[in-house]
Amino acid sequence: MIRFLFGRLALLVPTFIGVTIVAFGFIRLLPGDPVLLLAGERGLSPERYNQLMEQFGFSEPIWRQYLDYIAGVLTGDLGNSIVTKKPVFDEFMALFPATVELALCAIVIAVALGIPAGILAAVRRGSVADQAIMGTALIGYSMPIFWWGLLLIILFSGILQWTPVSGRISLMYFFPQVTGFMLIDSLLSGQKGAFQSAVSHLILPSIVLATIPLAVIARQTRSAMLEVLGEDYVRTARAKGLAPLRVVGLHALRNAMIPVLTTIGLQVGVLLAGAILTETIFSWPGIGKWMIDSIARRDYPVVQGGLLMIALIVMIVNLTVDMLYGLVNPRIRHT
Amino acid sequence: MIIRRSMKAALLGVSLALFATGAASAKNLVYCSEGSPEGFDSALYTAGTTFDASSKPVFNRLVEFKRGTTEVLPGLAESWSVSEDGLEYTFNLRKGVKFHTTSFFTPTRDFNADDVIFSFERQRDPNHPWHAYTAGASWEYFNGMSMPDLIKEIVKVDDHTVKFVLNRPEAPMIANLAMDFASILSAEYADKLAADGKMDMMNQEPVGTGPFSFVGYQKDAVIRYQAFADYWGGKQPIDNLIFAITPDASVRLQKLKAGECHVMPYPAPADIADIKADSNLNLMEQEGLNVGYLAYNTQMAPFDNPKVRKALNMAINKQAILDAVFQGAGQAAKNPIPPTMWSYNDQIVDDPYDPDAAKKMLDEAGVSGLKMKVWAMPVQRPYNPNARRMAELIQADFAKVGVEVEIVSYEWGEYLKRSTEKDRDGAILLGWTGDNGDPDNFLAVLLGCDGVGGANRAQWCHQPFDDLIQKAKTISDKAERTKLYEEAQVVFKEQAPWATIAHSVVFMPMSAKVSGYVMDPLGGHWFDGVDITE
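Residue numbers run consecutively from 1 along every chain, following the written order of its sequence. All chains are assigned letters beginning at A, and all ligands numbers beginning at 1, according to the order in which they are written. Where local features are concerned, this predicted model is filtered to residues with pLDDT of at least 70; where side-chain atom pairs are given and counted, the filter is 80 or more; whole-chain, interface and lining totals use all residues. Water and hydrogen atoms were dropped before computing side-chain values, which therefore reflect all heavy atoms in the structure.

(A) Structural detail: the sheet that holds strand β1 (residues 28-31) of chain B. All names here are of chain B. Strands were regarded as paired on the criterion that DSSP finds at least two bridges between them. By definition, any uninterrupted DSSP run of H or I lasting at least four residues is a helix, any uninterrupted run of E lasting at least two residues is a strand, and each is numbered from the N terminus. Here we have 4 strands laid out as an open sheet, ordered β1-β10-β9-β8, and mixed in their pairing. Across the chains shown, the open sheet's two edge strands, defined by having one partner strand only, are β1 and β8 (212-218). When strand polarity is set aside, the average angle formed by the axes of neighbouring strands in this sheet is 20°. Pairing geometry for β1 and strand β10 (residues 240-244), over 4 bridges, is parallel. Only the stretch in contact is used when fitting a helix axis, every axis being a line fitted to C-alpha atoms; angles between N-to-C directions are given from 0 to 180 degrees.

(B) Geometry of the sheet that holds strand β5 (residues 88-93) of chain B. Residue and element names in this part refer to chain B. Spatial strand order, β4-β5-β7-β6: 4 strands in an open sheet with antiparallel pairing. Taken across any chain shown, the strands that pair with only one partner, and hence form the sheet edges, are β4 (77-82) and β6 (151-158). The mean angle between the axes of side-by-side strands here comes to 20°, regardless of whether they run parallel or antiparallel. The pairing of β4 with β5 spans 5 bridges and is classified as antiparallel. The residue of β5 that forms the bridge with S81 is T90. Residue contacts are defined here by distance: any two heavy atoms, one from each residue, within 4.5 Å place the two residues in contact. Along the sheet, helix α4 (residues 113-124) makes contact with β5, β6 and β7 (161-166), crossing β6 at roughly 165°.

(C) Geometry of the interface of chain A and chain B. Taken together, the contact between chain A and chain B spans 48 residues of the former and 58 residues of the latter. For any pair of parts, buried area is found by adding up, for both, the accessible area (1.4 Å probe) each one loses once the two are put together. Summing the contributions of chain A and of chain B, the shared interface buries around 4,300 Å²; its carbon and sulfur component is 60%. Any carboxyl oxygen of Asp or Glu within 4 Å of a side-chain nitrogen of Lys or Arg constitutes a salt bridge here. Two residues, A:E91 and B:K219, come together in a salt bridge whose shortest N-O distance is 3.5 Å. Polar contacts, as counted here, are pairs of nitrogen or oxygen atoms within 3.5 Å of one another; within protein the pair requires one atom able to donate a hydrogen and one able to accept it, and residues that are adjacent in sequence qualify only if both atoms are side-chain atoms. Linking chain A with chain B are 12 residue pairs in polar contact (both at pLDDT 80 or more), by the criterion used here. Sorting the residues of the side of chain A that touches chain B by element identifies α2 (34-39), α3 (46-56), α5 (88-123), α7 (145-159), α11 (244-281) and α12 (287-296) of chain A as the ones contributing at least two each. Residues are sorted three ways: Asp, Glu, Lys and Arg are charged, Ala, Val, Leu, Ile, Met, Phe, Trp, Tyr, Cys and Pro are nonpolar, and all the rest, Gly among them, are polar. In the side of chain A that touches chain B, the residues fall into 25 nonpolar, 13 polar and 10 charged.

(D) View of the side chain of A:T221. As for its placement among the helices and strands, A:T221 is situated in helix α9 (residues 194-229). If sequence neighbours within four positions are ignored, A:T221 has contacts with A:G114, A:I115, A:G118, A:I119 and A:V260.

(E) Structural view of the pattern of salt bridges. All names here are of chain B. Considering all chains together, one arrives at 39 salt bridges over all chains under this definition. Of the charged contacts in the structure, one is a salt bridge between D531 and K27, with a shortest N-O distance of 2.9 Å. Remark: K27 occurs in the loop between α1 (2-20) and β1 and D531 occurs in strand β19 (residues 531-532); sequence separation between them is 504 residues. Only protein chains enter the accessibility calculation, which uses a 1.4 Å probe; a residue is then buried when its area is under 20% of its type maximum, exposed when over 50%, and partly exposed in between. Looking at D531, the relative accessible area reads 21%, which means it is partly exposed. Sharing partners across several salt bridges, the network here consists of K310, K318, D350, D351 and K493.

Printed below as a string of structure tokens:
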């Protein structure tokens, strides 16, 4: 186990270097630069343009800029945003809890509904329930998030007035951010009704963000279950006269969980991508929207720093998922 | 880090307590703003969204725009005088003006000349300790308005008198000082931050003399302000001002309808009819101080011939563009400045839409089988909500007079850069929104000889025109300046370096409970004087 862990950690090093190159190169491959956008319609004289490029350090040779960036990363300094002038790391940390909170809620919804739905569809293969679940999953998977989010807002917030339109908590409540997680902070604040308000603000965005992962998890669970249910040992278990629930729940599910777990791990990337749109619609102050705005403004330090942080988190989550395999299925024990 | 965080939490706790005082009866106005401020030191930035959240609620300037107009009124300066030669501007400062007392700063003195000197010198003097206090501070507006060349020195005459000495006469100087970058900060607060080694807080926790004091900002989510009880202009009718940052226009409208906010900017054009029909909402509208244009490259044949430009202008069906692109929320432009701006020459008759006459004029000019490019901006702007569509309409119009158009576009930064190049091919769609309501801000910036290779996208340097606007810059008498600008518009019309297309209308939906809101022709959003009935 320890050896496996070290092996995987060693692999992270070249991956990390690769990510720094991609993060650094990607934004610079796009045409335009931050100084031009800063000037807008007014335009800049060539002298002023050169002066600003120099001030921001963009007139240095590209390899030099990369080395400066790496030197910064190694000392924990991701640089300052060109737009807000604030440290990239601070901005990331201020926004990241909001994205995590939303993503966690979404993944909980996706797993809690997706796995049972997938099992049901597999066990009742070919039935109306199976077709309804798979049909709904297909629709969910193909749903344009932007449209879906607005539709839910108009229905539940506009017409029915069951949920608030957007934001993280009612503006009535105002308390210091301790953890950055609104559910926790609202409890810590001790203000009456704050927690309920935070929950009600989470419902719609979580559903919207959960839609695609839910569909993927349900489909993956169904196909993994179908495969396992056809195995000899399941037939044996049934022949032994075990209760059907026990066969499915204990013998089949545990084996079917491995590909499902991988799928769930891979949804982290999907969630972060989906967060961009979900955060925009629901005015959710997270890193998705922050990154998109920064790309549009060619805010090099934010894009390269933000991408790096996100890649790092995806790598860590995937490593954790790999570790979990052994726990779920004893046949895979890392020695 | 932990200590810093808990200190911050404690400070915030104090401000929360202040904010919550009388919460039961407090009047809160919620504004669904369209984006996040880049920071709170307005001189560092150029975006209207940032100014709405910083300079407008929190700060004052020496002079202020009268709400709803571009007329300049006394602000922190009670009065001013200009020397005969137009080189010295002396300001008499208002006495007894208080800076905000907040959870992070308690002022010990009133506003005085030191604050004025500090606010400008930090932008002007590269050796000033505050010139580079935050990474990448470039003072873009100060530089963009040519202040470094213009200002020779700023002198403190006494505690309540400040003199600006200029290198050349500049009539728009007063209007410039009403702009956001000219906001007056507290020098005492700056000294305290410098002593505490926390200079970057100047951009995060602002202290000003304005109608609202800053309470707190949660990034990309909420900004909170409190009415300043000791405001020199009197306390505001509302108690708390809250910005709920809501980037999507449809969601802003849903929030407005649900009562989660009271005022919203920039509605989606498709929603206007819906808003008008809602009895709980009011829809204010105003002509924006802007112009959308098509600029020919007047240095390249055949566009170096005014007759060709004029003929092409006559081939454009502006009404069709207003209907299709502006959906009626605009008016055809005949001059390079909008009708709400002083010195607008209404005597000028626009070129008629007449494809036959246009074709004939092109033939007379010896132009046949002309192929040209029309550049379409990749972004939406108030002066041009859909440049691609506009370009397509122009393409069809020009085809009728035998001119073949190829539409091109580039990424926005690239577009802005390439369009300044003197050997640029074809005509470009672009526009302008005024900074300070002075005609010089349109005519000199966009059409003056100095702007060739820069903001003058027509690359048009026409001496008779340039003489007029340069002369107008040096005269302080408004009536005389008006005459010169009116004349300049006549020359512009004859020479036709642009096809002037449209001035757009800006809409502002708000709850019917809101009263006293006045729309700003310069596009800003102000909340002083605004009230709400619960």
